[in-house]
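Remarks on the overall topology
Okay, here's what each chain looks like letter by letter:
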Amino acid sequence: MRAPFLLFSLFIFCGLLNAQTVKIEYAGDPLPDKDRRNIEEFISYEVNFYTQFGLPDTLTLQLHVFEDRKKAMEYLESVDIHLPLLFKASGIYSPKLQKAIILGREKGQERSLAIIYHELSHHFVRQILGKFPPSWLNEGLSEYFEHCKVTKKGLRHTFTEYEQGRIRTMYMLGEIDLLAFMNSGRGKFMKRQATDEQYSYILAHALVTFWIEKVPRDTMKKLIASLQNKNDSSTVSERIDRVYPGGFQKFEKDFEAAYK
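Let us look at the structure shown here.

1. Digging into helix 9 (residues 217–228)
Over its 12 residues, helix 9 extends 17 Å from the first C-alpha to the last, a length consistent with the 16 Å expected when each residue adds 1.5 Å. Along helix 9, the positions that sit buried rather than exposed are Thr219, Met220, Leu223, Ile224, Ser226 and Leu227. For helix 9, the arc enclosing every buried residue in end-on projection is 160°, short of the 170-degree limit, so these residues lie on one face. Projecting away from the buried face of helix 9 at angles above 90 degrees are the exposed residues Arg217, Asp218 and Lys222.

2. A short note on the pattern of salt bridges
A full pass over the atoms with the stated rule returns 10 salt bridges. Salt-bridge contacts for aspartate 254 lead to lysine 250; the nearest nitrogen and oxygen are separated by 2.8 Å. Placement of both aspartate 254 and lysine 250 in helix 11 (residues 247–259) is noted, with a separation of 4 residues, approximately one turn of the helix. When its relative accessible area of 23% is taken as the criterion, aspartate 254 is described as partly exposed. By relative accessible area, lysine 250 is classed as partly exposed at 37%. What emerges from the salt-bridge pattern is a single network uniting Asp35, Glu67 and Arg105.

3. Details of the packing of aromatic side chains
Aromatic ring pairs are reported here in terms of the distance separating the ring centres and the angle at which the planes meet. Going through the model one piece at a time under the given rule, you end up with 22 aromatic pairs. Their ring planes at 85° and their centres at 6.3 Å tell us that phenylalanine 42 and phenylalanine 145 sit as a pair that is edge-to-face. Note that phenylalanine 42 is positioned in helix 1 (residues 33–51) and phenylalanine 145 in helix 4 (residues 135–146), a separation of 103 residues in sequence. Classification of phenylalanine 42 by relative accessible area gives buried; the value is 1%. Residues phenylalanine 255 and tyrosine 259 carry aromatic rings whose centres are separated by 4.9 Å and whose planes lie at 50° to one another, so their mutual orientation is tilted. Within this pair, phenylalanine 255 and its partner tyrosine 259 are both found in helix 11, separated by 4 residues, close to a single helical turn. A relative accessible area of 13% places tyrosine 259 in the buried class. Grouped by ring-pair contacts, the aromatic residues Phe159, Tyr171, Phe210, Trp211, Tyr244, Phe248, Phe251, Phe255 and Tyr259 constitute a single cluster. The ring of tyrosine 26 carries the charged tip of arginine 36 above its face, separated from the ring centre by 4.2 Å. Arginine 192 extends its terminal NZ or CZ atom over the ring of tyrosine 199, reaching a point 3.8 Å from the ring centre.

Reading the values: the criteria
Residues numbered from 1 in each chain as written. Predicted model: local features only at pLDDT ≥ 70, side-chain atom pairs only at ≥ 80, totals over all residues. Heavy atoms only, no water. Helix = DSSP H or I, 4+ residues; strand = E, 2+ residues; numbered from the N terminus. Expected span 1.5 Å × (residues − 1). Buried < 20%, exposed > 50% of the residue type's maximum accessible area, 1.4 Å probe, protein only. Arc of directions from axis to C-beta. Salt bridge = Lys/Arg side-chain N within 4 Å of Asp/Glu carboxyl O. Phe/Tyr/Trp six-rings, centres within 6.5 Å; stacked < 30°, edge-to-face > 60°. Lys NZ or Arg CZ within 6 Å of the ring centre and 35° of its normal.

Pasting the structure below:
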């Protein structure tokens, strides 16, 4: 039986500088008006970013927020979503339900908003790249927006000192193999994440930060366009080799120089 305490509401707005119509369907425990305003303002910036890659004109986002993690887990069981026993994340995006689900807000308002931005980003990526986007790009984009805040000048992104140090350590220990990492499937990506001190998420965050902040916008658009071509069986590294000035080896050198 579905949990009886669920609430539902709908909000519609237009993305900044775009013709998109975005519908947000809220369910679960009610969010304070301030939180809703923050979410809707932030999503406008996400819409503005993803539009350059061919985001559909009309979008519906489903956001299901739980204050209490135990109730969230009960809900997931009721809709036949079974998480690993030791699952620690505070949010998930369900492709099955096409819904972002926040598994408790015990860590505070600011942290839970960042998780909301992370999970909703997964929905945008799937709208652009379909069911199986490259894991590094999918999670890296979500990490990028999770680490953004709205300021008077727009979004401000932070790649933390800890993350910078972690990347330098990876290089020092010879742990980074970009070709293997960027071509790997979700299974390998998540296994490395679970066993090696946030390796996958931090490296994915660094890669996406590099593509957004250091690489010409047209180059990233060419990469996304290549990934949208379902008739192309090339690996991610082969696509980068075609679109990045100087090829994949130059990309590897430029990325290492940016972080090492």
